[in-house]
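One-letter residues, chain by chain:
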Amino acid sequence: MQFLSEAIDFLSKIMDYLREFNWISVLVRVLLTMVFGGIIGIGRERKRRPAGFRTHMLVCLGSAMTMMVNQYLIDKGYTVDASRLGAQVISGIGFLGAGTIIVTGHRQVNGLTTAAGLWASACMGLAIGAGFYEGALLACIVILLTTTLFTYFDRKVRSSSRVMWVTVEFFHSEDFPAILDNLRGMELRVFNIELNKSRSEAGMHSATLSVEMQKKHSHDEVLALIATVDGVGAVEEL
């Protein structure tokens, strides 16, 4: 019991030392940004996302450096707001995150999770730069779980949903009303209909539909049913 108490006291002294502004603490903070930012980024890199390993590492490092510069100015006696530079990181990271968000031809939005991950990595870097190591460690674990383990949970929820967004391609524009009637006859409720621009080079038209199943079916079964409708050339879930 005494050994445990001494170990806790020793660890507490180390943490207090690392929260001070010195060469050792700066080195530790920089290394932690590389490790924590890299851990988050490598998962995105494997999924071939726009912002990967190096991007997350640099965002985390830049945020930590901002907080360390802030602390350095305060230690040197400059009159500065301790939270001002960090606040600029929070707002400024939005410009980088916006660059990862893409709206596809079918008006599908991709990259929101990547943008949120960059923002979270920046906040993690601010915590490291401020010496809040415990918060940064917990944030790294939670972000990693969110972008990896919870992805499978998200897919499970989506696959069990009775509402689907689909893009239907058809050969002739005059066939579209009949296609809708056939879908409704399959116990599918169709709403939020949006006709897309004609793809003249392929001789096809397309529409984005929100489809609600009156009875529970797998999404693959619904797509297969829609593909059998006369006049439909292709169907894809968004």
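Residues numbered from 1 in each chain as written. Predicted model: local features only at pLDDT ≥ 70, side-chain atom pairs only at ≥ 80, totals over all residues. Heavy atoms only, no water.

Re the overall build of the chain
Secondary structure summary: the chain contains nine helices and six strands in total. Taking all 238 residues of the chain together, the buried fraction comes to 33%. Nonlocal contacts in the chain, meaning residues at least 24 apart in sequence, comprise 65% of its contacts between residues at least 6 apart. Of the roughly 14600 Å² that the chain leaves accessible, carbon and sulfur atoms contribute 62%. (Helix = DSSP H or I, 4+ residues; strand = E, 2+ residues; numbered from the N terminus. Buried < 20%, exposed > 50% of the residue type's maximum accessible area, 1.4 Å probe, protein only. Contact = heavy atoms within 4.5 Å. Areas by Shrake-Rupley, 256 points an atom, 1.4 Å probe, with all protein chains shown as cover.)

Concerning the confidence of the model for the chain
Atomic detail in the predicted coordinates should be set aside for any region of low pLDDT. Summary statistics for the chain give a mean pLDDT of 78 and a share of 87% for residues scoring 70 or more. Strand β1 (residues 102-103) is the least confidently modelled element of the chain, averaging 60 in pLDDT, while helix α6 (residues 133-147) averages 88, the highest of any element. (pLDDT = per-residue confidence, 0-100.)

Regarding the sheet that holds strand β4 (residues 188-195)
Pairing in this open sheet of four strands is antiparallel, and the strands run β4-β5-β3-β6 from one edge to the other. Each edge of the sheet is formed by a strand with only one pairing partner; in this case those strands are β4 and β6 (232-237). With direction set aside, neighbouring strand axes in the sheet form an average angle of 30°. With five bridges connecting them, strand β3 (residues 163-170) and β6 associate as antiparallel partners. If you follow Glu169 over to β6, its bridge partner there is Ala234. (Pairing = 2+ DSSP bridges. Axes fitted to C-alpha atoms, helices over the stretch in contact; angles between N-to-C directions.)

What to know about helix α5 (residues 112-129)
The terminal C-alpha atoms of α5 lie 26 Å apart, and with 18 residues this matches the ideal 26 Å at 1.5 Å per residue to within 8%. Of the positions making up α5, those classed as buried are Thr114, Ala115, Gly117, Leu118, Ser121, Ala122, Met124, Gly125, Leu126, Ala127, Ile128 and Gly129. If you follow the buried residues of α5, they end up packed against α2 (23-46), α3 (53-75), α4 (84-98) and α6. Once α5 ends, the next one or two residues include Gly131, with phi positive near 85°. (Expected span 1.5 Å × (residues − 1).)

Side note on the environment of Leu32
With respect to the secondary-structure elements, Leu32 resides in helix α2. Classification of Leu32 by relative accessible area gives partly exposed; the value is 22%. For the pair Leu32 and Tyr133, spaced 101 residues apart in the sequence, the C-alpha separation amounts to 8.9 Å. If we ignore the near neighbours within four places in the chain, the residues touching Leu32 are Gly37, Ile128 and Tyr133.

Concerning the nonpolar core
By size, the foremost hydrophobic cluster in this structure holds 19 residues, and its most contacted members are Val166, Val168, Leu183, Leu188, Leu209 and Ile226. Of all elements in the fold, only β3, α8 (176-185), β4, β5 (205-213) and α9 (219-227) reach the threshold of two or more residues within this core. Leave out the neighbours within four places in its chain, and Ile226 touches Val166, Val168, Leu183, Leu188, Val232 and Val235. Counting residues in hydrophobic clusters, the runner-up holds nine residues, among them Cys60, Ala127, Cys140 and Ile143. (Core = buried A, V, L, I, M, F, W, Y, C linked by side-chain atoms within 4.5 Å.)

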